[in-house]
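Observations on the model geometry
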Number of protein chains: 2
Amino acid sequence: MSIVRVPLEDRSYSIRIEPGLLGEAGRLIADLGIRGRVAVISDRTVSGLFAKTLIGALQTAGLEASLFTVPDGETSKSLSQAEKLYTELIRFGLSRDGLIVALGGGVVGDLAGFTAATLLRGIPFVQVPTTLLSQVDSSVGGKVGVNHSLGKNLIGCFHQPVLVIMDPLTLDTLPMRERWSGAAEMVKAALIRDAVFFERLERELEDWMVLEDAGRLSEALAACCRIKAEVVGRDERESGLRRILNFGHTVGHALESASGYGVFRHGEALVYGLAWALDLSRTFGLLGEAVFQRVDSVLRRFPLPPIPESVDAERIVEHFTRDKKNKSDGLHLVLLNDIGRPVIRPVRDFDFRESVGRLLNRQIINL
Amino acid sequence: MSIVRVPLEDRSYSIRIEPGLLGEAGRLIADLGIRGRVAVISDRTVSGLFAKTLIGALQTAGLEASLFTVPDGETSKSLSQAEKLYTELIRFGLSRDGLIVALGGGVVGDLAGFTAATLLRGIPFVQVPTTLLSQVDSSVGGKVGVNHSLGKNLIGCFHQPVLVIMDPLTLDTLPMRERWSGAAEMVKAALIRDAVFFERLERELEDWMVLEDAGRLSEALAACCRIKAEVVGRDERESGLRRILNFGHTVGHALESASGYGVFRHGEALVYGLAWALDLSRTFGLLGEAVFQRVDSVLRRFPLPPIPESVDAERIVEHFTRDKKNKSDGLHLVLLNDIGRPVIRPVRDFDFRESVGRLLNRQIINL
């Protein structure tokens with residue numbers, strides 16, 4: 001079993017990764033010393049696949065566990081869904097010495113985590129991510145929340161899990177497109193922190209996607225989690241270093257929003273965002289041509305839908321400007337000096353506009 | 001100016017107390033280094049009295065401040081009211097380097113604090129409590145939240161303010177009944193932690209109620225805040241010591257609930273709750289007769305509405321039982337060994353039932 005520690009003083013926790021670990025979840029959770037009831041929160045699809053195994057494991061370990069399901073998809077990440085859960089969980093008798101377990105992808109993790117953060121002033125919670133994207137990114141770091149009609153993730157807190165349990169075998173049932181979406185965050189993790197892992201990714205990416213070797217995939221998951229754990233451990237609340245985790249996300253988010261959510265998977269938009277950030281880094285003379293080409297050729301291995309013709313540069317830039325308003329000191333972007341070496345630079349309107357134009361004219365990433 | 005420090009490592013903050021301090025709030029808040037916009041949240045009544053002074057002080061200090069009002073009363077402590085605030089605050093352009101200021105009593109502080117805790121994963125906030133109850137209790141310690149249809153304060157977090165500003169002159173307009181309600185928490189604070197302050201309270205209580213000397217009242221507020229700051233500093237999240245702050249509240253809350261909210265002010269129900277806890281402490285041989293009589297004679301100085309005939313022992317006990325369900329290890333109560341010396345004891349059904357009976361039969365506190 002790979003164990004990655006997230007070092008956050010009294011909020012420290014471990015991430016445990018092993019093929020077949022879902023069946024061991026009862027024992028791992030019982031070892032936390034939970035005395036109250038356990039509420040497993042999941043969506044319809046994921047609960048149909050894995051809830052029986054998980055609930056069974058919890059009950060075998062002597063815990064009183066019950067399942068609470070929410071509808072599939074991003075619309076469940078809402079305050080009204082959280083309110084329904086509050087009612088169900090209070091009626092269930094969940095207490096502060098109980099536990100919430102999030103079984104699913106990012107939507108379930110964010111919603112269940114937010115519910116855990118805000119019910120009874122905080123209930124411990126365990127993440128059991130079942131998608132690649134949530135395993136390599138959203139289940140680690142304590143960002144939880146729901147969407148608001150004015151924007152995604154506007155309502156939320158930092159609430160660290162007490163344990164993260166990853167079973168790469170849950171990826172068996174994950175559609176290929178979702179696997180590639182998760183892989184985009186793996187590329188990002190390598191680019192901002194780990195040149196050795198990037199080399200490995202260059203060699204093994206397609207093998208991971210077809211789940212050829214669960215052991216090697218587990219090691220790759222652990223590498224990503226180690227990167228995130230190290231960054232989060234140094235800057236839990238994103239006052240500095242943690243911002244490097246947003247590498248590629250400025251344009252990624254803008255593309256998701258400007259194309260209308262649903263056109264791109266998160267990771268697909270991120271690949272375009274990474275390409276844009278690399279282009280800008282090269283334009284600024286931060287990144288050499290050879291490294292640019294090397295990363296670019298990895299990005300080209302991703303199967304991607306094209307950017308819709310309806311997306312124009314102005315809408316992307318508008319999204320930036322709104323982001324900018326949210327920081328009083330202007331638009332600071334994460335760029336790249338080399339693989340594993342991010343830098344944060346203030347960027348003028350003119351420069352990022354030009355680069356957005358190149359992206360939309362298919363001059364950056366040519367698929 | 002009295003300054004009380006709440007020692008919570010990187011979440012430490014100070015409480016500043018001085019007559020007329022509201023007019024200085026702009027300077028104090030500007031000194032925090034806030035770069036973004038400032039949202040002042042208040043209710044209709046309090047904003048009519050003090051918002052002009054506060055907003056003026058903030059603007060004079062160079063801050064971009066705006067007022068957001070909610071309806072008066074406990075019904076504003078709801079998730080739907082928080083949702084309205086989210087929308088208004090996002091539209092206002094509030095960012096993580098901005099600030100929320102809670103101007104009002106406990107309802108405004110709890111609601112504004114919860115909104116601050118959950119918008120954009122946490123915005124700094126300042127408490128400006130304007131009632132005695134919020135000055136001596138709810139504005140310090142970081143408990144924020146809203147009510148749920150199944151119970152009060154069931155939704156919430158711990159989110160510490162970055163500063164608390166108390167101006168005892170705001171109590172001028174506070175109805176006498178509200179002042180006595182706040183005084184009940186002052187008695188509780190003295191009983192659990194500070195025999196010297198209790199002596200002072202015995203001498204000065206009525207003077208504080210008529211605001212005879214703002215300087216002496218400020219010292220009394222500071223004494224209460226010091227007690228709470230010390231307890232919270234040792235146990236921020238109520239895993240142990242902080243539970244002593246609930247002294248008298250078990251029956252206090254049950255009385256409020258069983259009589260239908262609105263019959264008792266919080267502090268009035270608390271006086272009955274304190275009387276009950278003292279009776280139980282004496283029954284258990286923890287508290288001597290002389291000390292009991294001494295405290296009892298202070299409680300008798302409170303003007304209190306009688307307990308309605310409709311409240312019966314079974315409803316009070318039922319409320320306990322629900323509390324009990326919320327802890328897997330049974331009903332542990334805070335009792336008193338002496339003034340300033342609380343103890344936590346498990347109490348059997350039989351004992352607290354008998355004591356509840358004496359309370360309802362007017363055998364404990366005879367008004």
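See above for the structure.
So, here is what we can say about the structure in this document. (Residues numbered from 1 in each chain as written. Chains lettered and ligands numbered in written order. Predicted model: local features only at pLDDT ≥ 70, side-chain atom pairs only at ≥ 80, totals over all residues. Heavy atoms only, no water.)

**Some remarks on a positive patch on the surface**
Filter applied, for reference: Residues enter patches when they are more than 30% accessible in relative terms and free of salt bridges; like-charged ones are connected within 9 Å and nonpolar ones (Val, Leu, Ile, Met, Phe, Trp, Tyr) within 5 Å. Where accessible areas are quoted, they stem from the Shrake-Rupley method and a 1.4 Å probe; at the residue level, only the protein chains shown are allowed to cover. We define a salt bridge as a side-chain nitrogen of Lys or Arg found within 4 Å of a carboxyl oxygen belonging to Asp or Glu. In this tally, Asp and Glu contribute negative charge and Lys and Arg positive charge; neither His nor the terminal groups of the chain are included. The atoms used to mark charge sites are NZ of Lys, CZ of Arg, CG of Asp and CD of Glu. A run of DSSP states H or I qualifies as a helix once it reaches four residues; a run of E qualifies as a strand once it reaches two. Both are numbered from the N-terminal end.
On the surface, a cluster of positive charge is contributed by A:Arg96, A:Arg237, B:Arg96 and B:Arg237. Structurally, the position occupied by A:Arg96 is in the loop between helix H3 (79-92) and strand E5 (99-104).

**Considerations on the sheet that holds strand E4 (residues 65-70) of chain A**
Residue and element names in this part refer to chain A. Formally: Two strands are counted as paired when DSSP detects at least two bridges linking them. Angles shown run from 0 to 180 degrees and are taken between the N-to-C directions of axes, each axis being a line fitted to C-alpha atoms and, for helices, limited to the stretch in contact. Any two residues whose heavy atoms approach within 4.5 Å at even a single point are treated as in contact.
If you walk across this open sheet you meet the seven strands as E1-E2-E9-E6-E5-E3-E4, and the pairing is mixed. Looking along the sheet, the strands with just one partner apiece sit at the ends: strand E1 (2-6) and E4. Each strand of the sheet is rotated relative to its neighbour by a mean of 20 degrees, with strand direction disregarded. Taken strand by strand, helix H2 (residues 44-60) contacts strand E3 (38-43), E4 and E5, and its axis lies near 160 degrees from that of E3.

**Here's the deal with the relation of the copies chain B and chain A**
Counted only if it meets this: Least-squares superposition of the copies uses the C-alpha atoms of those residues scoring a pLDDT of at least 70 in each of them.
Laying chain B over chain A is done by rotating through 180 degrees and shifting 0.0 Å along the axis; what remains is an RMSD of 0.0 Å. This pairing of chains is accounted for by a two-fold axis. With an isologous cut-off of 70% or more, the 100% of interface residues of chain B that recur at the interface of chain A puts this contact in the isologous class.

**As for the interface of chain B and chain A**
Condition: Two parts placed together each lose some accessible area; with a 1.4 Å probe, that loss summed over both constitutes the buried area. Counting of polar contacts relies on pairs of N or O atoms within 3.5 Å, with two restrictions inside protein: one atom must be capable of donating a hydrogen and the other of accepting it, and residues adjacent in sequence are counted only when both atoms are side-chain atoms.
The interface is formed by 34 residues belonging to chain B together with 35 residues belonging to chain A. When chain B packs against chain A, close to 3,000 Å² is buried across both sides, 53% of that on carbon and sulfur atoms. For chain B, the biggest contributors to the area lost against chain A are B:Leu79, B:Arg121 and B:Leu154; these three give 23% of the whole. The tally of links between chain B and chain A comes to zero salt bridges. Taken together, the links from chain B to chain A amount to 10 residue pairs in polar contact (both at pLDDT 80 or more). Within the residue set of the side of chain B that touches chain A, elements represented by two or more residues are helix H3 (79-92), helix H4 (106-118), strand E7 (143-148) and strand E8 (151-158) of chain B.

**Concerning the pairing of strand E6 (residues 125-129) of chain B**
Residue and element names in this part refer to chain B. Inclusion rule: Each residue is placed in one exposure class: buried if its accessible area under a 1.4 Å probe, protein chains only, is under 20% of its type's maximum, exposed if it is over 50%, and partly exposed if it falls in between. A clockwise path from the first strand over the helix to the second, with the strands pointing away from the viewer, defines a right-handed crossover.
Within E6, five of the five residues are buried, leaving the element largely enclosed by the surrounding structure. Alignment of strand E5 (residues 99-104) against E6, held across five bridges, turns out to be parallel. Across the sheet, the residue bridging to Leu-103 is Val-128, located in E6. Of the crossover connections in this fold, the one passing from E5 over H4 to the parallel E6 is right-handed. By the bridge criterion, two bridges tie E6 to strand E9 (residues 163-166) in an arrangement that is parallel. Its bridge partner lying in E9, Gln-127 is registered against Val-164.

**A word on the environment of A:Gly73**
Residue and element names in this part refer to chain A. Summarising the element assignment, Gly-73 is placed in the loop between E4 and H3. Residue Gly-73 is classed as partly exposed on the basis of its relative accessible area of 34%. Between the alpha carbons of Gly-73 and Gly-145 there is a distance of 15 Å; along the sequence they are 72 residues apart.

**Considering the packing of aromatic side chains**
Stated formally: Here a pair means two rings of Phe, Tyr or Trp (six-membered ring of Trp) with centres within 6.5 Å. Their orientation is stacked below 30 degrees between planes, edge-to-face above 60, and tilted elsewhere. Whether a charge sits over a ring depends on NZ of Lys or CZ of Arg being within 6 Å of the ring centre and within 35 degrees of the ring normal.
Within this structure, the stated rule accounts for eight aromatic pairs over all chains. Both rings, one in B:Phe68 and one in B:Phe92, keep their centres 5.3 Å apart while their planes meet at 70 degrees; by these two values the pair is edge-to-face. Of this pair, B:Phe68 sits in strand E4 (residues 65-70) while B:Phe92 sits in helix H3, placing them 24 residues apart in sequence. Each member of the pair B:Phe68 and B:Phe92 is classed as buried. Consider the rings of B:Phe264 and B:Tyr272, whose centres lie 5.7 Å apart with planes at 65 degrees: the pair is edge-to-face. We note that B:Phe264, like B:Tyr272, is buried. The ring centre of A:Phe92 lies 5.9 Å from the NZ or CZ of A:Arg37, which sits over that ring. Positioned over the ring face of A:Phe292 is A:Arg282, at 3.7 Å from the centre of the ring.

**Looking at unusual backbone geometry**
You will see that A:Glu9, though not glycine, has its phi angle at about 50 degrees, which is positive. Summarising the element assignment, A:Glu9 is placed in the loop between E1 and strand E2 (13-17). Residue A:Glu9 is classed as exposed on the basis of its relative accessible area of 67%. Its identity is not glycine, yet B:Leu120 carries a phi of approximately 50 degrees, on the positive side.

**Section: H3(B)**
All names here are of chain B. Test applied: Each residue after the first adds 1.5 Å to the expected span of a helix. Working note: the arc is built from the helix axis to C-beta atom directions.
Across its 14 residues, H3 extends 20 Å between first and last C-alpha, which sits within 8% of the 20 Å expected from 1.5 Å per residue. Every buried residue of H3 is accounted for by Leu-79, Gln-81, Ala-82, Leu-85, Tyr-86, Leu-89 and Phe-92. Seen along its axis, H3 keeps its buried residues to an arc of 150 degrees; they face one direction. Of the residues trailing H3, Gly-93 is marked for its positive phi of about 90 degrees.

**Description of the pairing of E5(A)**
Each regular strand shows side chains that alternate between the opposite faces of the sheet. Residue and element names in this part refer to chain A. Among the six residues that make up E5, six are buried, leaving the element largely enclosed by the rest of the structure. The pairing of E3 with E5 spans five bridges and is parallel. Within E5, the residue paired with Val-40 across the bridge is Val-101.

**Digging into the state of the cysteines**
Here a disulfide denotes one covalent bond, and it connects the sulfur atoms of two cysteines. Here is the rule: Put simply, a disulfide is two cysteine sulfurs that come within 2.5 Å.
Tallied over the full model, the rule gives zero disulfides over all chains. A:Cys157 takes part in no disulfide bond, and the closest cysteine sulfur to it belongs to B:Cys157, at a distance of 4.6 Å. The class for A:Cys157 is buried, based on a relative accessible area of 6%. You can see A:Cys224 has no disulfide; the closest cysteine sulfur is in A:Cys225, sitting 6.8 Å from it. Given the relative accessible area of 1%, A:Cys224 is considered buried.

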